[in-house]
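Examining the three-dimensional arrangement
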Amino acid sequence: CSSEAHREAQTIAVFGIMIYPVGLFVLNWLLLISSRQAILSTQPTPLSLATAFLHREYKPLFYAWELAEMSRRFLLVGAYVVGPFHPGSMMQLALAAITCVLYLVVQTQSMPYRSPTDNYLAIGCSLSLVVLFIASIFYKVAMLTELREMQDRMSFEQREDFVLETAPLTI
């Protein structure tokens, strides 16, 4: 990991990460801002028609919702994975869970999709992400509290409060 080839590969990876998700986000943002008037007034222009794949599924007021989706994916799959956190750490899970809860609240309040079915499907998917990350936190705690060394150091009350049975949690 301390070789010159590794540092070169890391530099290329950081550059690629910056170009693809950040560059794509900025490009889409510029396209949506440029066609904002046509989208909001529902009077299409050639640019708003060409960028319809970015906004046609959303209500006009939420024409930029795709940017929120891109941000969530970037955080969950990019920043929290390659960020300064140890892979598999509780910090990764906590940040992911908080991000998903906040996104779910905003999504539930705004209902950005034109189709009610799409709104309910998106809320269901967002809720499943929240449940996944919270369950992962519980499993992480269970791994720690199942250790015999940890249980030996805990009082009876602490064992009652903190030891998780994973079988009921799985069910």
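What you are looking at is a predicted structure, and each value in this text was computed from that prediction instead of being measured.

Let's shift gears to the state of the cysteines. As enumerated under the stated definition, the model contains zero disulfides in all. Lacking any disulfide linkage, Cys125 is separated from the closest cysteine sulfur, that of Cys100, by 12 Å.

The next point concerns the packing of helix α1 (residues 4–34) against helix α5 (residues 65–82). Following both chains from N to C, one finds α1 and α5 inclined at 165 degrees, their axes separated by 10 Å at the closest point. By the angle class used here, α1 and α5 are roughly antiparallel. Classified by chirality, the crossing of α5 by α1 is left-handed. Residues Ile17, Pro21, Val22, Leu24, Phe25, Asn28, Trp29 and Leu32 of α1 lie in contact with α5, whose contacting residues are Leu67, Met70, Ser71 and Phe74. Looking at side-chain class alone, the contact of α1 with α5 contains 10 nonpolar, two polar and no charged residues.

The next subject is the nonpolar core. If you look at the biggest cluster of nonpolar residues, it comprises 11 residues: Leu76, Tyr80, Leu93, Ala96, Ala97, Cys100, Leu104, Ile123, Val130, Phe133 and Ile137. Sorting the residues of this core by element identifies α5, α6 (90–110) and α7 (116–145) as the ones contributing at least two each. Of the residues forming this core, the biggest block, five residues, is contributed by α6. Excluding residues within four positions of it along the chain, Ala96 makes contact with Leu76, Tyr80 and Phe133. One finds Leu32, Leu54, Tyr63 and Leu67 within the second-largest nonpolar core, a separate group that totals six residues.

Now for the environment of Glu165. Residue position: Glu165 is located in the loop between α9 (156–162) and α10 (166–170). Take Glu165: its relative accessible area is 57%, and that puts it in the exposed class.

Looking now at the packing of aromatic side chains. Applying the stated criterion across every chain yields a total of three aromatic pairs. Consider the rings of Trp65 and Tyr103, whose centres lie 5.6 Å apart with planes at 45 degrees: the pair is tilted. Here Trp65 is found in helix α5, whereas its partner Tyr103 is found in helix α6, with 38 residues between them in sequence. Per residue, the accessibility class of Trp65 equals that of Tyr103, and both read buried. Feature note: the residues Phe62, Trp65 and Tyr103 constitute an aromatic cluster, connected by ring pairs.

Turning our attention to the pattern of salt bridges. A complete count under the given rule lists five salt bridges for this structure. Close ionic contact of Glu69 with Arg72 constitutes a salt bridge, the shortest N to O distance being 3.1 Å. Taken together, the positions of Glu69 and Arg72, both in helix α5 and three residues apart, correspond to about one turn of that helix. Judged by its relative accessible area of 13%, Arg72 falls in the buried class. In this structure, Asp152 engages Arg148 in a salt bridge whose closest nitrogen and oxygen atoms are separated by 3.9 Å. One end of the pair, Asp152, and the other, Arg148, are both in helix α8 (residues 148–153), four residues apart, so they sit about a helical turn from each other. Assigned by exposure class, Asp152 and Arg148 land together as exposed.

With respect to the helices and strands, Gln109 occurs in helix α6. When its relative accessible area of 67% is taken as the criterion, Gln109 is described as exposed. Between the C-alpha atoms of Gln109 and Ser48, which are 61 residues apart in sequence, the distance is 26 Å.

Before going further, it helps to examine α1. The end-to-end C-alpha distance of α1 is 43 Å, a good match for the 45 Å that 31 residues give at a rise of 1.5 Å each. By the largest-angle criterion, Gly23 marks the main kink of α1, which is about 30 degrees.

Criteria and cut-off values
Residues numbered from 1 in each chain as written. Predicted model: local features only at pLDDT ≥ 70, side-chain atom pairs only at ≥ 80, totals over all residues. Heavy atoms only, no water. Disulfide = S-S within 2.5 Å. Axes fitted to C-alpha atoms, helices over the stretch in contact; angles between N-to-C directions. Helix = DSSP H or I, 4+ residues; strand = E, 2+ residues; numbered from the N terminus. Parallel < 35°, antiparallel > 145°, perpendicular 65-115°, else oblique. Left-handed = near helix turned anticlockwise from the far one by under 90°. Contact = heavy atoms within 4.5 Å. Nonpolar A, V, L, I, M, F, W, Y, C, P; charged D, E, K, R; others polar. Core = buried A, V, L, I, M, F, W, Y, C linked by side-chain atoms within 4.5 Å. Buried < 20%, exposed > 50% of the residue type's maximum accessible area, 1.4 Å probe, protein only. Phe/Tyr/Trp six-rings, centres within 6.5 Å; stacked < 30°, edge-to-face > 60°. Salt bridge = Lys/Arg side-chain N within 4 Å of Asp/Glu carboxyl O. Expected span 1.5 Å × (residues − 1). Bend = angle between axes of the 7 residues up to and from the residue.

Geometry only, nothing functional implied.
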